[in-house]
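What the coordinates show
The lines below spell out each chain.
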Amino acid sequence: MPLRHRLLALSVALMWGLNFIAIDASLTHFPPFFLVALRFTLIALPTVLLVPRPGVPVRWLVGYGIGFGTLQFLFLYWGMAAGMPAGLASLVLQASAPFTVLLGAVLLRERLSARQAVGIAVAVCGMAMVGWQRAEHAAVLPFLLTLAGAFGWAIGNTCNRLARPANPLHLTLWMSVVPPLPMLALALAVEGPGPIAASLASVGTAAALPAVAGLAYTVVIGTVLGSGVWTWLMARHPAGVVAPFSMLVPVVGMAAAWAVLRETATPGELVGGALVVGGVLLGSSRPRARPTPHPEPLPRDPGPEETAAAR
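Topic: the environment of Ile196
Positionally, Ile196 belongs in helix H10 (residues 193-201). We classify Ile196 as buried; its relative accessible area is 7%. For the pair Ile196 and Leu184, spaced 12 residues apart in the sequence, the C-alpha separation amounts to 10.0 Å. In this structure Ile196 touches Pro31, Phe34, Ala187 and Leu188, once residues within four positions along its chain are discounted.

Describing the environment of Leu171
By the element assignment, Leu171 lies in helix H8 (residues 168-175). Separated by 120 residues in sequence, Leu171 and Val51 have C-alpha atoms that sit 9.8 Å apart. Non-local contacts of Leu171, meaning those with residues more than four positions away in its chain, are made with Pro54, Val56, Leu61, Tyr64, Asn160, Ala163, Pro165 and Thr231.

Looking at a nonpolar patch on the surface
A surface patch of nonpolar side chains, amounting to about 290 Å² of accessible area, comprises Leu3, Leu7 and Leu10. Looking at the secondary structure, you find Leu10 in helix H1 (residues 3-26).

Here's the deal with helix H7 (residues 140-163)
Taking 1.5 Å of rise per residue, 24 residues should cover 34 Å, and H7 covers 35 Å from first to last C-alpha, within 8% of that figure. A positive backbone phi angle near 50 degrees is found at Arg164, which sits one or two residues after H7.

A short note on unusual backbone geometry
Even without a glycine there, the phi angle at Arg164 is positive, about 50 degrees. Position of Arg164 relative to the elements: it lies in the loop between H7 and H8.

Notes on the side chain of Thr172
Note that Thr172 resides in helix H8. For Thr172, a relative accessible area of 1% puts it in the buried group. The contacts of Thr172, once residues within four sequence positions are left out, are Tyr64, Thr223, Ser227, Gly228 and Thr231.

Reading the values: the criteria
Residues numbered from 1 in each chain as written. Predicted model: local features only at pLDDT ≥ 70, side-chain atom pairs only at ≥ 80, totals over all residues. Heavy atoms only, no water. Helix = DSSP H or I, 4+ residues; strand = E, 2+ residues; numbered from the N terminus. Buried < 20%, exposed > 50% of the residue type's maximum accessible area, 1.4 Å probe, protein only. Contact = heavy atoms within 4.5 Å. Patch = residues over 30% accessible without salt bridge, like charges linked within 9 Å, V, L, I, M, F, W, Y side chains within 5 Å. Areas by Shrake-Rupley, 256 points an atom, 1.4 Å probe, with all protein chains shown as cover. Salt bridge = Lys/Arg side-chain N within 4 Å of Asp/Glu carboxyl O. Expected span 1.5 Å × (residues − 1).

This is the structure:
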């Protein structure tokens, strides 16, 4: 992967890491299932009117929307609403990376180099260390819900890889057409029309301003920009090369949660974060090819003019 593509992947990690602070703010005002529907509706409406549909098979478009858009955020928002801390959620969701590599190996027959395998193993150990340090702050159910969201992300990554869009941004935007209807139906059935109507009626108040700002961030930065760049990278590189960069998201997410939400980090968490960074850098790099030594030129017989000059 070229250096400029690695920098793009790092920028996505920054955008998605801050996304958890925005989600936490949005969930203080909107019911979680309705928030997912609202998030993607705000993208889907202008997309259908203004953006040409990507020339990819419908099954991969729908699969991407179900995995990346619906399942990931259904379980993530549900888990955070149920008590999953933002910093820990940013960590657990990155289980999508090993899930993606596993699906890539099983479904796409992508081979994993030894260096990539070691890098992912180091990063997973770092996530496990941070998760173990933070486990006492999260119940089992929110953890499992967030882990289910990570698997949904991996399904979306795989469908995106199979779609191979000529214009990745168009695929990212059209993916948003899939979640609104099923998520709205789920919100009406589970959360009820009362809380949904109340959240919309008070959306213009000062108390709702942080939630609205968080929603705007997740729509513009987290979904359109971040997912667009991610889709572009996934379409050009094997899943096992791009996916490990998502492990940098919890480093940003936990640091932001510490700065904004006052979630504290232990020394073990800092060590785990360092392992995540090191593992991603190791897993995304490839060993430099050793230069082939040039053979020594064979001695040749001197020509007549060289023989005369030597005399």
